[in-house]
Structures are given as C-alpha cells and as structure tokens.
Amino acid sequence: MIRHDGKVLLSWNKNLQTWIPVGGHIDPGETPQEAVCREVAEETGFEFEFYQKSVFENNGKVEIIKPHRIQIEEVPHHNKHINFVFFGKCTKYTDKAATDEKEKLKWFSREEIVSMKDTMIESVYTLSLEAIKSIQDS
C-alpha cells in the first residue's frame, strides 16, 4: 500500500472491475521487496520506501523485510494468489493518473474509502484503512 499525504494509492483493475493496490508478480530470483519496488516503479514511476524495518536474514546473504501481512486470496480466473502486503511511501511523487498498463490510478482519503465499502474487495478496504490509520498514528 503506497501512502502519501494521508491518502492511499489504488489502481483500477479492469478484470476485477474494482480498485486494488499497486503490485504484481514476483519475477524469478526476486525477493518480495525487490518485486514491490520494481512493480511500483514500472506501474507508477514512483520510488517506494518501506515503513517496515524488521528484517529476516539468511546468514547475511538475503534480507527480506517482514510484510505487514501475508494473505491468500481467490482471484477469478487465476486460482489463488499469495499477497505480500507492505506499507510504504512515495519518495518521488508525481500526480500520475494511470499505470504503465493504462489502468487508472487514484489517491483515496479515508472518507472516500469508507464511502466505497460496499463496492470494494473486503481485504482492500481493510488494508486501505489500516494504511491510512498508520499514517495518522505516525
């Protein structure tokens, strides 16, 4: 979940016909956090900085930032997806309106998220509010 100025960034998914966080698949040889940074840069042009600081280490060779949450979800026509959810911020912000795949991008306030409760995927709704709350708490 990308946060900036008290809002979260969501992308319109044409297949699901709903707003979802920016993200994508992990390429071979990537860690989850490398994939997040690559996907955010590819889809939005933003640079991403993680809020999570705790790290799992493998004898000093690979560092993996502990995700905010790991969840498994059924995705229509894609079976199950394992989602690594990280919270972070834009370090290079622009007011971009679409992803590299021409999907809409929009910054949502808490009030906007709450008003869309009945039309959002439950996990996206919950995570969006958690991300916004953590901004306000920091």
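Quick look at the structure, then. (Residues numbered from 1 in each chain as written. Predicted model: local features only at pLDDT ≥ 70, side-chain atom pairs only at ≥ 80, totals over all residues. Heavy atoms only, no water.)

1. Some points on the layout of surface pockets
Then step 1. Approximately 1300 Å³ is the volume attributed to the largest pocket.
Then step 2. As for the largest pocket, its lining consists of 42 residues, of which Ile20, Pro21, Gly23, Gly24 and Asn83 are closest to the centre.
Then step 3. Of all elements in the fold, only β2 (7-13), β3 (18-21), α1 (32-44), β7 (69-75), β8 (79-85) and α3 (122-137) reach the threshold of two or more residues within the lining of the largest pocket.
Then step 4. No other element matches the 6 residues that α1 contributes to the lining of the largest pocket.
Then step 5. Its residues placed into classes, the lining of the largest pocket shows 22 nonpolar, 13 polar and 7 charged. (1 Å grid on protein atoms, 1.4 Å probe; cavity = no way out; pocket = protein on both sides within 12 Å on 5 of 7 lines; lining within 4 Å. Points joined across faces, edges and corners; volume = space filled by probe spheres on them. Helix = DSSP H or I, 4+ residues; strand = E, 2+ residues; numbered from the N terminus. Nonpolar A, V, L, I, M, F, W, Y, C, P; charged D, E, K, R; others polar.)

2. A short note on the pairing of β2
Then step 1. Most of β2 sits inside the fold, with 5 of its 7 residues counted as buried.
Then step 2. The turn joining strand β1 (residues 2-4) and β2, which pair antiparallel and follow one another in sequence, is formed by 2 residues; a positive phi near 55° is taken by aspartate 5.
Then step 3. When β2 meets strand β10 (residues 105-108), the two strands line up antiparallel, connected through 4 bridges. If you follow leucine 9 over to β10, its bridge partner there is tryptophan 107.
Then step 4. Sheet topology places β2 next to β3; 4 bridges connect them, and they run antiparallel. Following the sheet pairing, tryptophan 12 is matched in β3 by tryptophan 19.
Then step 5. In sequence, β2 turns back onto β3 through a hairpin of 4 residues, with glutamine 17 there showing a positive phi of about 55°. (Buried < 20%, exposed > 50% of the residue type's maximum accessible area, 1.4 Å probe, protein only. Pairing = 2+ DSSP bridges.)

3. Remarks on the pattern of salt bridges
Then step 1. In total, this model carries 8 salt bridges according to the counting rule given.
Then step 2. Glutamate 42 is the salt-bridge partner of arginine 38, the closest N and O atoms lying 3.2 Å from each other. One end of the pair, arginine 38, and the other, glutamate 42, are both in helix α1, 4 residues apart, so they sit about a helical turn from each other.
Then step 3. By relative accessible area, glutamate 42 is classed as partly exposed at 39%.
Then step 4. One salt bridge in this structure joins lysine 89 and glutamate 49, with 3.7 Å as the shortest N-O distance. Of this pair, lysine 89 sits in strand β9 (residues 88-90) while glutamate 49 sits in strand β4 (residues 48-50), placing them 40 residues apart in sequence.
Then step 5. By relative accessible area, which is 34% here, glutamate 49 ends up partly exposed. (Salt bridge = Lys/Arg side-chain N within 4 Å of Asp/Glu carboxyl O.)

4. Structural notes on the side chain of glutamate 39
Then step 1. For glutamate 39, the position within the fold is in helix α1.
Then step 2. Among the polar contacts listed, one links the side chain of glutamate 39 to the side chain of arginine 38, at a separation of 3.2 Å.
Then step 3. When near neighbours in sequence (up to four residues on either side) are disregarded, glutamate 39 contacts Val22, Gly23, Gly24, His25 and Thr44. (Polar contact = N/O pair within 3.5 Å; in protein donor to acceptor, adjacent residues only side chain to side chain. Contact = heavy atoms within 4.5 Å.)

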